[in-house]
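# Architecture and fold: a report
Here's the letter readout for the chains.
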Amino acid sequence: IARVDAEQPDVDESVARHLERALHLREELQMRDAHSDELAARAGELYANAGARAFEALDLITSRDLLGRASALLPAGSPRRLEIVPHLAVALTETGRPEESDSVLEQAIEQARVAGSERDALRATVQLQANHVYRSPTDAEVAAAVTELESAAATFEASGDDVGLAEAAIAL
């Protein structure tokens with residue numbers, strides 16, 4: 001089913017669920033190996049695709065669930081995982097789970113730096129600062145976050161990163 005439906009984006013979630021179930025069955029049988037890693041990566045990629053579509057449609061509950069599953073399945077520090085974390089964090093915050101959002105972002109910042117991806121670290125930092133502005137009780141905390149967001153926006157602009165720039169502008 002994964003091979004037959006790979007070209008149909010509307011079935012990503014269904015195929016991902018089957019692959020994830022196969023992974024869990026292998027784990028129950030204590031058969032964790034390279035094939036299991038491939039199942040996890042493929043399911044994670046499909047969940048990420050479906051979650052991105054849900055995010056674009058502003059279906060934040062579905063996006064949160066699908067991107068959360070993708071994040072759990074994709075290897076820590078992988079480019080795809082680091083790419084989806086800012087949207088996962090927005091979905092978590094907007095669906096009433098801001099503390100979990102902060103935790104996911106803090107881990108992503110660390111993982112991005114270890115992976116050598118300053119862009120992904122900066123994107124996660126932008127979302128973390130946006131969370132702080134959203135919930136900050138003091139003017140000093142808001143001012144500090146705004147300063148960091150302005151710096152991030154300048155970095156994104158200088159590097160020609162329109163996605164990062166847009167995220168920083170929205171956070172401001």
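Residues numbered from 1 in each chain as written. Predicted model: local features only at pLDDT ≥ 70, side-chain atom pairs only at ≥ 80, totals over all residues. Heavy atoms only, no water.

### What about helix H3 (residues 60–73)?
Here H3 spans 20 Å end to end across 14 residues, near enough to the 20 Å set by a 1.5 Å rise per residue. Residues of H3 that are buried include every one of Ser63, Arg64, Leu66, Leu67, Ala70, Ser71 and Leu73, and no others. Where the residues of H3 are buried, they touch helix H1 (12–28), helix H2 (34–56) and helix H4 (79–94). (Helix = DSSP H or I, 4+ residues; strand = E, 2+ residues; numbered from the N terminus. Expected span 1.5 Å × (residues − 1). Buried < 20%, exposed > 50% of the residue type's maximum accessible area, 1.4 Å probe, protein only. Contact = heavy atoms within 4.5 Å.)

### Some words on the environment of Ala72
Mapping Ala72 onto the fold places it in helix H3. Between the C-alpha atoms of Ala72 and Ala40, which are 32 residues apart in sequence, the distance is 8.9 Å.

### Here's the deal with unusual backbone geometry
Positioned with a positive phi, Gln30 is a non-glycine residue whose angle comes to about 55 degrees. If you trace the backbone, Gln30 turns up in the loop between H1 and H2. Residue classification places Gln30 among the exposed residues on the basis of a relative accessible area of 74%. Of note, Leu58 is a non-glycine position whose phi angle comes to about 60 degrees, a positive value.

### Description of the environment of Ala130
Within the element layout of this structure, Ala130 appears in helix H6 (residues 118–135). Classification of Ala130 as buried rests on a relative accessible area of 16%. Each C-alpha atom of the pair Ala130 and Ala115 lies 23 Å from the other, and the pair is 15 residues apart in sequence.

### A word on the packing of H6 against helix H7 (residues 139–159)
Two numbers describe how H6 lies on H7: the axes approach to 9 Å, and their chain directions differ by 150 degrees. Comparing the axis directions of H6 and H7 gives the class roughly antiparallel. Regarding H6 and H7, the two cross each other, and that crossing is left-handed. Residues Arg119, Leu122, Arg123, Thr125, Val126, Gln129 and Val133 of H6 lie in contact with H7, whose contacting residues are Val142, Ala145, Glu148, Leu149, Ala152, Thr155 and Phe156. Class assignment for the residues of the contact of H6 with H7 results in 8 nonpolar, 3 polar and 3 charged. (Axes fitted to C-alpha atoms, helices over the stretch in contact; angles between N-to-C directions. Parallel < 35°, antiparallel > 145°, perpendicular 65-115°, else oblique. Left-handed = near helix turned anticlockwise from the far one by under 90°. Nonpolar A, V, L, I, M, F, W, Y, C, P; charged D, E, K, R; others polar.)

### Here we look at the nonpolar core
A general tendency of soluble globular proteins is for nonpolar side chains to be buried together. Within the largest apolar cluster, 31 residues are counted, with the highest numbers of intra-cluster contacts made by Leu19, Tyr47, Ala70, Leu73, Ile84 and Leu105. It is H2 that contributes the most residues to this core, 7 residues altogether. Those residues in contact with Ala70, other than ones at most four positions away along the chain, are Gly44, Tyr47, Ala48 and Ile84. (Core = buried A, V, L, I, M, F, W, Y, C linked by side-chain atoms within 4.5 Å.)

### A look at the confidence of the model for the protein
The predicted model of the protein averages 88 in pLDDT, with 94% of residues at 70 or higher. The secondary-structure element of the protein with the lowest mean pLDDT is helix H8 (residues 162–171), recorded at 86, while H3 shows the highest, at 96. (pLDDT = per-residue confidence, 0-100.)

### Notes on the environment of Pro75
The residue Pro75 is located in the loop between H3 and H4 in this model. For the pair Pro75 and Thr147, spaced 72 residues apart in sequence, the C-alpha to C-alpha distance is 32 Å.

### Looking at the pattern of salt bridges
Enumeration over the complete set of coordinates arrives at 16 salt bridges. Among the salt bridges present, the one from Glu20 reaches Arg69, with a minimum N-O distance of 2.6 Å. Here Glu20, found in helix H1, pairs with Arg69, found in helix H3; they are 49 residues apart in sequence, far enough to count as distant. The exposure class of Glu20 is buried, given its relative accessible area of 9%. (Salt bridge = Lys/Arg side-chain N within 4 Å of Asp/Glu carboxyl O.)

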